[in-house]
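Each chain, letter by letter, is given below.
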Amino acid sequence: MWSTCSDVRSDASCATNGTVGVSTEEHAQTRPERRSWTRRLSDTWSRLEPHWTPPVNPRLRRVLLVFATLGLAFTGAWLALAIAGTSQGLVGPLVVDASIQPSLEGESVIRVDPLGTLVVDSHRAPISMHVSVRAVDEAGIQNIVDDPSSLVELDDRLVADLRAVIVDAGIRGAVVGVLGAALAAGLVLRSVRRALLAGAVALVSIGGSYGLAAVTFDAEAVRSPTYTGLFEAAPQLVGSVEDIAANFDAYAEQLAGIVTNVGALYDTTVSLPTFRPDDDTIRLLHVADLHLNPAAWNIIDSVARQYDVDVIVDAGDIADHGTPLENNYVRPISTLGRPYVFVKGNHDSVATVAAIAAQPNTIVLDNEPVEVAGLRFFGAPDPRFTPDQSLRGTASEDILRASEELGEAARALDPAADVLVFHDPSHAQLLDGGAPLVLAGHGHRRDTYVLDEGTRVMMQGSTGGAGLRALQGEEPTPVMLSVLYLDAETKRLVAWDDITLGGLGLTTAQIERHQAGEAPGDAAGTPAPTPGLEN
């Protein structure tokens, strides 16, 4: 059935009815078909295609396509490596990022923020290896602190972990580079064949670069790296790497054995003649110059528990270079279970002091008197920051002025302090009369003497055995700490036990008991070796 407009009807009326010359059945069948999203995307892409291209010589066109494929292969691979070419992993207790990047100079770059970078001219290939230390794995550090014997295997573990991270970065770089090249060529040239060709070009280029890097690798280049940032001072800070490496294995094997000597020491102490402390006696553990030795914490904890000390006093230099990376080292303070009084040494930075102050039961002395374990302490930080072994022991105007100020402030206190704590006793005579007792460190040797006005100065040796620096010398540095006994009423020193544990390569342990009123050379001060110790 057909529907028409009469001649007398206007065109507008016909348009309104919308039935000009069309059957109702056919009108229902002319509705647009629904298309899939892939079809719509294909149609849109076709409309974007240019409708006219200038005539090009077929040979020239092929050449241009080849160069376009090569250019897109390298560009796509480079972008893919920059965006997704970084892998992550653990190297010992360190969380690192590793990546392979295109480079005109074949080199290996190790970045440790915020300290700087270490660059090694390790190979001759158009790629560079980048390793960035992103964080420190706290669990890994704690495992080393809890089990110093694990240091024996740490060097092998570091090599194996680093090798695994580099291999993973190489595989990831190859895969990402090939995919990036193929994707770039496929999207731009709209050709599966060109995409596969670009991927093959990237694979051959990356594989060839890896092979060239392996063939030209120079292991000796590691001995002469280029430092930037704070690492520029690395040769002075670390000293001779060869000397440390030569002694490290032997040193690590001794750490666990040294700790086991403490129990035998206590058994010897209780059998010593002369002074016997009672329950009211204040027991103070004097330590200094830990210098990042992980074994020091187990030694301190063992002595503190077995001698039942009331307070631990650290005369400074708990760190070595004062870097933020060293801050995790102080965390075991929170596990000692007794007050820990600390004064800054010349190797401790502001960051070091802040990390110590954040630990529970820690008191940092800073020109204010404090009451701890029945004793009144007063101390001041070392004004210097010299994390360079060549500057140790220098008596500058700063330390002289700080000693003068501490002495004057101590003598003006009311009530007076029982114990002064200052890292460097080079000008201890300026502290005379400020308190009955001065505790110090810095010299890595033990010494005690009485000043004119009766103040006794006690300089502690290194409780950390001088840290890693001890590995550079032929003579071992012993581990030293002392237990002091003070009268609960007078707050005066009555006696003390000097504890000495054998350093690198030694298995000895000895204890010397002294009484405050004895003359130098008395029998009470004769070393008492502890028998039956094994390493």
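Small disclaimer: the values here were computed from a predicted structure and weren't measured. (Residues numbered from 1 in each chain as written. Predicted model: local features only at pLDDT ≥ 70, side-chain atom pairs only at ≥ 80, totals over all residues. Heavy atoms only, no water.)

Engineer: How would you explain unusual backbone geometry if you had to name every residue and give the values?
Structural biologist: Following Asp 414, the chain continues to Pro 415 via a peptide bond in cis, the omega torsion being 5°. Structurally, Pro 415 can be placed in the loop between helix H12 (397-411) and strand E13 (419-421). Of note, the phi angle at Asn 367 is positive, near 65°, even though the residue is not glycine. Its place among the elements puts Asn 367 in the loop between strand E10 (362-364) and strand E11 (370-372). On the basis of relative accessibility, which here comes to 39%, the residue Asn 367 falls in the partly exposed class. (Helix = DSSP H or I, 4+ residues; strand = E, 2+ residues; numbered from the N terminus. Buried < 20%, exposed > 50% of the residue type's maximum accessible area, 1.4 Å probe, protein only.)

Engineer: Can you break down the side chain of Ser 87 residue by residue, with the values?
Structural biologist: For Ser 87, the position within the fold is in strand E1 (residues 86-91). Of the polar contacts made by the side chain of Ser 87, one reaches the side chain of Asp 168; its length is 3.4 Å. (Polar contact = N/O pair within 3.5 Å; in protein donor to acceptor, adjacent residues only side chain to side chain.)

Engineer: I'd love a proper account of helix H11 (residues 350-357), names of residues and values included.
Structural biologist: Taken together, the buried positions of H11 are occupied by Thr 352, Val 353, Ala 355 and Ile 356. Take H11 and look down its axis: the buried residues cluster within an arc of 160°, on one side only. Its buried side turned inward, H11 meets strand E9 (340-342) and E10. (Arc of directions from axis to C-beta. Contact = heavy atoms within 4.5 Å.)

Engineer: An account of the packing of aromatic side chains is requested, with residue identities and associated values reported.
Structural biologist: Inspection of the entire model under this criterion finds 2 aromatic pairs. Relative to Tyr 340, the ring of Trp 297 has its centre 6.2 Å away and its plane inclined at 50°; by these criteria the two rings are tilted. On the criterion of sequence distance, the pair formed by Trp 297 in helix H10 (residues 295-306) and Tyr 340 in strand E9 is long-range, its members being 43 residues apart. Judged by its relative accessible area of 3%, Trp 297 falls in the buried class. (Phe/Tyr/Trp six-rings, centres within 6.5 Å; stacked < 30°, edge-to-face > 60°.)

Engineer: An account of the packing of helix H4 (residues 58-84) against helix H7 (residues 192-215) is requested, with residue identities and associated values reported.
Structural biologist: Between H4 and H7, the shortest axis-to-axis distance is 9 Å and the interhelical angle comes to 60°. In terms of orientation, H4 lies oblique with respect to H7. The chirality of how H4 crosses H7 is right-handed. Only Arg 194, Leu 197, Ala 198, Val 201, Ala 202 and Ser 205 of H7 make contact with H4, whose side of the interface consists of Leu 65, Val 66, Thr 69, Leu 70, Ala 73, Phe 74 and Ala 77. Split into classes, the residues belonging to the contact of H4 with H7 amount to 10 nonpolar, 2 polar and 1 charged. (Axes fitted to C-alpha atoms, helices over the stretch in contact; angles between N-to-C directions. Parallel < 35°, antiparallel > 145°, perpendicular 65-115°, else oblique. Left-handed = near helix turned anticlockwise from the far one by under 90°. Nonpolar A, V, L, I, M, F, W, Y, C, P; charged D, E, K, R; others polar.)

Engineer: Quick rundown of the sheet that holds strand E15 (residues 447-450)? Include the residues and the values.
Structural biologist: Pairing is mixed across the open sheet formed by 6 strands, whose spatial order is E11-E12-E13-E14-E16-E15. Across the chains shown, the open sheet's two edge strands, defined by having one partner strand only, are E11 and E15. Strand-to-strand twist of the sheet, defined as the mean angle between neighbouring strand axes without regard to direction, takes the value 25°. Of the strand pairs in this sheet, E11 and strand E12 (residues 375-379) are connected by 3 bridges, and their pairing is antiparallel. Bridged to Glu 371 within E12 is Arg 376. Sitting on the sheet, H12 touches E12 and E13, and the angle it makes with E12 is about 150°. (Pairing = 2+ DSSP bridges.)

Engineer: Describe the pattern of salt bridges, and please don't skip the residues or the numbers.
Structural biologist: Taken as a whole and assessed by the stated rule, the structure comprises 9 salt bridges. Between Asp 121 and Arg 124 there is a salt bridge; the shortest N-O distance is 2.9 Å. Residue Arg 384 pairs with Asp 424 through a salt bridge whose shortest N-O separation is 3.0 Å. Of this pair, Arg 384 sits in the loop between E12 and H12 while Asp 424 sits in the loop between E13 and strand E14 (437-440), and the two are 40 residues apart along the sequence. In terms of burial, Arg 384 and Asp 424 fall into one category: buried. Among the charged side chains, a salt-bridge network with shared partners connects Asp 382, Arg 384 and Asp 424. (Salt bridge = Lys/Arg side-chain N within 4 Å of Asp/Glu carboxyl O.)

Engineer: Talk me through the pairing of strand E2 (residues 94-102); I want residue IDs and the actual numbers.
Structural biologist: As judged from the 6 bridges shared by E1 and E2, these two strands associate in the antiparallel manner. Paired with Ser 87 across the two strands is Ala 98, which belongs to E2. Where E1 folds back on E2, the antiparallel hairpin that results is connected by 2 residues, among which Gly 92 adopts a positive phi of roughly 60°.

Engineer: Residues and numbers for a nonpolar patch on the surface, please.
Structural biologist: Judged by side-chain polarity, Leu 60, Val 63, Leu 64 and Phe 67 come together as a nonpolar surface patch covering roughly 380 Å² of accessible area. As for its placement among the helices and strands, Leu 64 is situated in helix H4. What makes Leu 64 partly exposed here is its relative accessible area of 47%. (Patch = residues over 30% accessible without salt bridge, like charges linked within 9 Å, V, L, I, M, F, W, Y side chains within 5 Å. Areas by Shrake-Rupley, 256 points an atom, 1.4 Å probe, with all protein chains shown as cover.)

Engineer: Got a sec to walk through the side chain of Thr 500? Specific residues and values, please.
Structural biologist: Within the secondary structure, Thr 500 is located in strand E18 (residues 493-501). We classify Thr 500 as buried; its relative accessible area is 12%. Side-chain polar atoms of Thr 500 contact the side chain of Arg 446, separated by 2.9 Å.

Engineer: Could you give me a rundown of the pairing of E12, with the residues and numbers involved?
Structural biologist: Along any regular strand, the residues point their side chains to alternate faces of the sheet. Among the 5 residues in E12, 5 count as buried, and that is most of the element. Going residue by residue along E12, you find Leu 375, Phe 377 and Gly 379 tucked away on one face and Arg 376 and Phe 378 tucked away on the opposite face as well. Between E11 and E12, which pair antiparallel and follow one another directly, the connecting turn spans 2 residues, one of which, Ala 373, has a positive phi of 55°. Sheet topology places E12 next to E13; 3 bridges connect them, and they run parallel. Along E13, the bridge assignment pairs Phe 378 with Leu 420.

Bear in mind that shape data such as this cannot, by itself, settle questions of function.
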